[in-house]
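# What the coordinates show
So the chains spell out like this:
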Amino acid sequence: MLRGFIGDPMGFALRCAREKGAIVELPIPGLPTVLISDPALIEQVLLKDHELYVKDHFTRLLTEVLGQGLLVSEGDFWRRQRRMMQPAFHHKRIAAYARIMVVETRAMCDAFRDGEERDVHAEMMHLTLRIVARALFGAGISDAQAKLVEAAIATMMQRYLGILGSGLVLPLSLPTPAARRFRRQMAELDILLLGIIERRRSALHAEAEASDDLLDMLLKMQDEDGARMSNAQLRDECMTLFLAGHETTALTLTYCVHLLGKDPAAEARLHQELDTVLAGRVPQVDDLQQLVFTRAVINESLRLYPPAWSIGREASTDTSLGGYRIRKGTQIWISPYIMHRDLAHFPDAETFRPERWLDGLEKELPRYVFMPFGGGPRICIGNAFALTEAVLALATIAQRMRLRLVDTRDPELVPTITLRPKGPLRACVERREADRHETRGQDSNPPRR
Ligand code: HEM
């Protein structure tokens, strides 16, 4: 079993769930682990009994870079931070970030030349990093600084790549070249983030300039006792938002391009929707409701390739689950990848069929069957941000160009913290007819009815 798990954790988990049932013990030496794949059991862990569980062993390894950030903090401290940060992700605030999402995607498209080949995964990673950087810091971060953040995050992810196979991450105190490079990049990143935060805090005190970005909101937030976040805590939250909010959305878009590239009929239907709804205008947040097929494509990409393919908890006390005794310290493994392939709810589960989402399927499904953003009180705080970004970015790209796949075979997947394609995902840029007569800019949008 162990060999099967290390060689192919996702395939192994899927087979276990299908063949052995809703709760399966995995014999991982030194790390007792239970895989659960029944929506009611998942609801018990993530929602009803959530206070009996903490984040799992692997997620906790991220504290060395995220400190006390929202993704890894626990208990009362996490509750206080979540309450303070929630308003920054309110849908009214997301609408304000929508413009950044479209402007940055258009800038990416402008740089693409007709007929050239691009690595879609790399391009989407740059794009979503720029979007989250601008949403966080507005004009307070230069392109060069955003590149530094991107490089540091890539190094960080590299460190956790092998994490599932061995469960081991070498201590940073070891004098290896990789550890040295990691420490240096983290130190540079700290200087950059703390510098931006300190400058902004001073500007706020001096009422020198008004900003309207996420950092501004986080600086102004107070808990019930009127306390504000320290600069160190703000650094941890900024790092968390960079890490949690960039690669996940980039992967969603990357897999959309792959899936559409293999399905000309779905691509044509997407183009038809964009041409009808937008009629040559630049997409904006008010269009979201009408872009139903675009949203169905995003959902189907999240279903087949959930970027957060695995969610983990650890029992913080002896308890029971599904009639079995769970000892303190047991790792509980929940996989959206498995849930999204449940044949009872998704007939033809391995096939890309965006139209399955068009007749209200999402509302009809039992809870914890489709769960790309997790669930319970620790559900993704950036959920609405991510969906707005994914729909607007896909609409902006597909309105202007086709990305023709160089290789239509399904990519080999690397299940680390996120579900990455193994190599580059190459595609050839083909500008659409409509794009030859330039898309009208946001300011030339006709008044909406
Ligand atoms: C398609 C894109 C995304 C996916 C699939 C995704 C998925 C998830 C999942 C599954 C969790 C829950 C983890 C757990 O329960 O252990 C989570 C948590 C989180 N996500 Fe996302 N996420 C996405 C985008 C974003 C964005 C854009 C942001 C911020 C800008 C973000 C920020 C966070 C944070 C801060 C948490 C921790 C919340 C807490 O514990 O209170 N995510 N995400």
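Attention here is on the structure that accompanies the text. Just so you know, these numbers come straight off a predicted model, no measurement behind them. (Residues numbered from 1 in each chain as written. Predicted model: local features only at pLDDT ≥ 70, side-chain atom pairs only at ≥ 80, totals over all residues.)

Tallying secondary structure elements over the protein chain gives 19 helices and 12 strands in all. Taking 2.2 N^0.38 as the reference for a compact globule, 449 residues should give roughly 22 Å; the C-alpha atoms of the protein chain span a radius of gyration of 22 Å, in line with that estimate. By its C-alpha atoms, the protein chain is 65 × 60 × 45 Å across when sized along the principal axes. Taken over 449 residues, the protein chain has a buried fraction of 39%. (Helix = DSSP H or I, 4+ residues; strand = E, 2+ residues; numbered from the N terminus. Rg over C-alpha atoms; globule rule 2.2 N^0.38 Å. Buried ≥ 20, exposed ≤ 12 C-beta atoms within 10 Å, placed from the backbone.)

Right, let's get into the sheet that holds strand S4 (residues 117–119). Here we have 3 strands laid out as an open sheet, ordered S4-S12-S9, and antiparallel in their pairing. What marks the edges here is a single partner per strand, and that holds for S4 and strand S9 (401–405). Ignoring strand direction, the axes of neighbouring strands in this sheet form an average angle of 40°. Pairing between S4 and strand S12 (residues 426–431): 3 bridges, direction antiparallel. Bridge pairing in S12 links Arg118 to Ala427. (Pairing = 2+ DSSP bridges. Axes fitted to C-alpha atoms, helices over the stretch in contact; angles between N-to-C directions.)

The next thing to look at is unusual backbone geometry. Of note, Ala279 is a non-glycine position whose phi angle comes to about 45°, a positive value. Of note in the backbone geometry, Tyr368 takes a positive phi value of approximately 70° without being a glycine.

This next bit is on the environment of Asp76. Considering the arrangement of structural elements, one finds Asp76 in helix H6 (residues 75–85). What makes Asp76 exposed here is the crowd of 8 C-beta atoms within 10 Å. The spatial distance from the C-alpha of Asp76 to the C-alpha of Leu392 is 36 Å, given a sequence separation of 316 residues.

Before going further, it helps to spend a moment on helix H9 (residues 143–159). The end-to-end C-alpha distance of H9 is 25 Å, a good match for the 24 Å that 17 residues give at a rise of 1.5 Å each. Burial in H9 covers these residues: Val149, Ala152, Ile153 and Met156. Seen from one end, H9 has its buried residues packed into an arc of 100°, which puts them on one side. Opposite its buried face, H9 presents the exposed residues Asp143 and Ala144, each directed more than 90 degrees away. (Expected span 1.5 Å × (residues − 1). Arc of directions from axis to C-beta.)

An order of S1-S2-S8-S5-S3 is seen for the 5 strands of this open sheet, with the pairing classed as mixed. Both outer strands of the open sheet, strand S1 (23–26) and strand S3 (53–55), are each paired with one neighbouring strand and no more. Between one strand axis and the next, the sheet turns by 30° as a mean value, whatever way the strands run. As defined by bridge partners, strand S5 (residues 311–315) adjoins strand S8 (residues 331–334) across 4 bridges and the pair is classed as antiparallel. Paired with Glu314 across the strands is Gln331, a residue of S8.

Take the pairing of S1 next. For a regular strand, side chains alternate in direction, first toward one face of the sheet and then toward the other. Examined bridge by bridge, S1 and strand S2 (residues 33–36) share 4 bridges and lie antiparallel to one another. Looking at the pairing, Glu25 lines up with Val34 of S2. Linking S1 back to S2 in an antiparallel pair, the connection comprises 6 residues, with Gly30 at a positive phi of about 75°.

Moving on to the pairing of S8. Pairing geometry for S2 and S8, over 4 bridges, is parallel. Its bridge partner lying in S8, Thr33 is registered against Gln331.

Here we take up the environment of Trp357. Summarising the element assignment, Trp357 is placed in the loop between helix H16 (336–339) and helix H17 (361–364). Filtering out sequence-adjacent residues up to four positions away, Trp357 remains in contact with Ala296, Asn299, Glu300 and Glu362. (Contact = placed C-beta atoms within 7 Å.)

Taken together, 23 residues form the shell around the ligand, and within it Gly245, Thr248, Gly374, Cys380 and Gly382 come nearest. Taken together, the elements giving at least two residues each to the shell around the ligand come down to helix H13 (231–261) and helix H18 (383–400). With 7 residues, the top contributor of residues to the shell around the ligand is H13. Here the shell around the ligand is composed, by residue class, of 14 nonpolar, 7 polar and 2 charged. (Near = placed C-beta within 6 Å. Nonpolar A, V, L, I, M, F, W, Y, C, P; charged D, E, K, R; others polar.)

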